[in-house]
Amino acid sequence: FRDRKLIVHIIPFENRRQILVTHDITESERIDMMRRDFIANASHELRTPLTVINGFLEIASMEPNLDAQTRLSHLKLMTEQGERMQRLVEDMLTLTRLESMDHPIRPEAVNMRVLLDKILQEAHALSAGRHEITLEFDGPDILGSTDEIRSALINLVTNAIRYTPEKGTIKLIWKNYATGPKFIVQDNGIGISAEHISRLTERFYRVDKSRSRETQGTGLGLAIVKHVLLRHKANLAVESTPEVGSKFCVQFPITAIAPVEA
Ligand code: ADP
């Protein structure tokens, strides 16, 4: 019954009170439907790389005398597809784990300086010199799960790199506001048109499937971000203009600020 909304009715009956417990069928049906969709989407996503790998394995067994160069190029393509499957499975596991966690986070002080310096380093490695990436750091440490926050922020930064063409700029900003600390990732990449914005955090939702695949996306990144932020009582705001760029802004509550040690 964990996923179902229980409704408890207390009904007076003769001199006794009866308790009637029902559950909201529409809610449980909705969850069922989401599960089915998830499995269907996940199977579909895994089938594509599997088909490619199986195809090359068949060629290898039917044509054992392929020249070394062709064989090498087939192996490279198979490795890419294997890696794609691995990313998919890892993201699916992360998302399922986050969704099934019914316990709240055990907050620890997250050293944002250390965390964001590491994220900046990873961003430089991923971009491999193709973008100008900067970090403006002027915010406090916060209370939360370091691992979860890392995975949410790295997803946003990875997207900025993925969807920004070469020579683009990516700005990371960590700053405190009257409303609480904010993490902002701003890029001048391909942007997103307005009709897609509200659906971005749906599992497997992608504006352009083929582009996302080319850029190694799984379609699960922003769903993971959404769940992490929900567990930290933080919000995600997206502003974007096609061909101009995107700004993803994570707003943490004031209560998330870690007390400063004396
Ligand atoms: P993916 O793994 O495909 O990147 P995400 O859930 O992380 O999946 O993002 C969903 C979709 O949102 C992406 O496929 C892409 O179309 C769009 N998107 C996310 N971030 C950006 C960005 N910074 N610029 C442009 N489009 C973006």
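Notes on the structure in this doc start here. Residues take numbers from 1 onward in each chain, read along the sequence in its written order. In keeping with the predicted nature of the model, local features appear solely for residues at pLDDT of at least 70, side-chain atom pairs appear and are counted solely at 80 or more, and the whole-chain, interface and lining totals rest on all residues. Working from all heavy atoms in the structure, the side-chain values ignore hydrogens and water.

### A few points about the packing of aromatic side chains
Then comes step 1: Note on ring pairs: Phe, Tyr and Trp rings are taken, using the six-membered ring of Trp, and paired if centres are within 6.5 Å. Classes follow the plane angle, with under 30 degrees stacked, over 60 edge-to-face and the rest tilted. One pass over the structure, following the stated rule, counts two aromatic pairs.
Then comes step 2: Relative to Phe252, the ring of Trp174 lies with its centre 5.9 Å away and its plane at 80°, an arrangement referred to as edge-to-face. With Trp174 in strand S6 (residues 169-177) and Phe252 in the segment after strand S9 (245-251), this residue pair connects regions lying 78 residues apart in the sequence. A single burial state applies to Trp174 and to Phe252, both of which are buried.
Then comes step 3: For a Lys NZ or an Arg CZ to count as sitting over a ring, it must be within 6 Å of the ring centre and within 35 degrees of the ring normal. Of note, Arg113 hangs over the ring of Phe137, and the distance from its end group to the ring centre comes to 4.5 Å.
Then comes step 4: Geometry around Tyr177 places Lys182 over its ring, the cationic atom sitting 4.6 Å from the centre. Numbered from the N terminus, helices here are DSSP runs of H or I no shorter than four residues, and strands are runs of E no shorter than two. Type-normalised accessible area, obtained with a 1.4 Å probe on protein chains alone, sets the label of each residue: buried when under 20%, exposed when over 50%, and partly exposed for intermediate values.

### Topic: the side chain of Ser246
Then comes step 1: With respect to the secondary-structure elements, Ser246 resides in strand S9.
Then comes step 2: Contact definition: two residues touch when any of their heavy atoms are within 4.5 Å. If sequence neighbours within four positions are ignored, Ser246 has contacts with Val185, Gln186, Asp187, Gly191, Ile192, Glu239 and Ser240.

### Overview of the sheet that holds S9
Then comes step 1: Read across the open sheet, the five strands follow the order S4-S6-S7-S9-S8; overall the sheet is mixed. Both edges of this open sheet fall to strand S4 (132-138) and strand S8 (235-241), since each of them pairs with a single strand only. Each strand of the sheet is rotated relative to its neighbour by a mean of 10°, with strand direction disregarded.
Then comes step 2: Each axis is a line fitted through C-alpha atoms, and for a helix only the stretch in contact is used; angles between axes span 0 to 180 degrees, taken between their N-to-C directions. In the packing of helix H4 (residues 146-162) onto the sheet, the strands contacted are S4, S6, strand S7 (180-187), S8 and S9, and the crossing angle to S7 comes to about 20°. One bridge is not enough; two strands pair if DSSP finds at least two bridges between them.

### What to know about the packing of H4 against helix H7 (residues 221-231)
Then comes step 1: Close contact between H4 and H7 brings their axes to 9 Å; oriented N to C, the two are set at 145°. The handedness of the crossing between H4 and H7 comes out as left-handed. Residues Glu148, Ile149, Ser151, Ala152, Asn155, Leu156 and Asn159 of H4 form the contact with H7, whose own contacting residues are Gly221, Leu222, Ile224, Val225, Val228 and Arg231. Whether a crossing is left-handed or right-handed is set by the direction in which the near helix is turned from the far one by less than a right angle, anticlockwise for left-handed and clockwise for right-handed.

### Quick notes on the pairing of S9
Then comes step 1: Among the seven residues in S9, six count as buried, and that is most of the element.
Then comes step 2: Direction of pairing for S7 relative to S9: antiparallel, over a ladder of six bridges. Counted as the bridge partner of Lys182 is Gln251 from S9.
Then comes step 3: The pairing of S8 with S9 spans seven bridges and is antiparallel. When the sheet's bridge partners are listed, Thr241 is paired in S9 with Gly245.
Then comes step 4: The turn linking S8 back onto S9 is made up of three residues, and Glu243 within it adopts a positive phi angle of 70°.

Everything listed here is a matter of geometry and, on its own, says nothing about what the molecule does.
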